[in-house]
Amino acid sequence: VQLQASGGGLVQAGGSLRLSCAASGSIFSINAMNWYRQAPGKQRELVATITSGGSTNYADSVKGRFTISRDNAKNTVYLQMNSLKPEDTAVYYCNADISAWPSAGDYWGQGTLVTVSS
């Protein structure tokens, strides 16, 4: 199983970006899908979660600005980021709990860099 993240880049404060993360491989089902981020010198933090049923949860710092969604047919999770701030600058990682062959488990994407300039 692989998770491939894309969509990062450089944007001015107040702008928007949309991240995507597609899972591939011999996948039976995907449970929760998450986006994490890690800023320079800081610990990795959970940004947003979406369950297989579509329930969502967000870090307080991004509520009202970020929206997580998923396309189960495409095994893909998205993160729409609006009203970006310089403090959103980080490497963003997707993560998913996947039932797959030969092993189920917690999988991580490679990370995509988001840089927000002031």
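The structure under discussion appears in the preceding block.
As a starting point, this report considers the structure included with it. (Residues numbered from 1 in each chain as written. Predicted model: local features only at pLDDT ≥ 70, side-chain atom pairs only at ≥ 80, totals over all residues. Heavy atoms only, no water.)

### Looking at the pattern of salt bridges
This structure, assessed with the given rule, holds four salt bridges. The partner of aspartate 60 in a salt bridge is lysine 63, and the shortest N-O contact between them spans 3.2 Å. Its relative accessible area of 48% is what places lysine 63 among the partly exposed residues. Several salt bridges share partner residues, and in doing so they unite Arg37, Glu45, Arg65 and Asp88 into one network. (Salt bridge = Lys/Arg side-chain N within 4 Å of Asp/Glu carboxyl O. Buried < 20%, exposed > 50% of the residue type's maximum accessible area, 1.4 Å probe, protein only.)

### Here's the deal with the side chain of threonine 112
Mapped onto the elements, threonine 112 comes out in strand S11 (residues 112-117). Under the relative-accessibility criterion, threonine 112 is labelled buried at 10%. (Helix = DSSP H or I, 4+ residues; strand = E, 2+ residues; numbered from the N terminus.)

### Examining the pairing of strand S3 (residues 17-24)
The sheet contact formed by strand S1 (residues 2-6) and S3 spans five bridges and is antiparallel. Across the sheet, serine 6 pairs through a bridge with serine 20, a residue of S3. Note: S3 against strand S8 (residues 76-81), six bridges, orientation antiparallel. What sits directly across from serine 20, in S8, is tyrosine 78. (Pairing = 2+ DSSP bridges.)

### Topic: the pairing of strand S4 (residues 27-38)
Where S4 lies against strand S9 (residues 90-100), nine bridges are found, and the strand directions are antiparallel. The partner of glutamine 38 across the bridge, within S9, is valine 91. In this sheet, strand S5 (residues 45-50) lies alongside S4 in antiparallel orientation, the contact comprising five bridges. Bridge pairing in S5 places tyrosine 36 opposite leucine 46.

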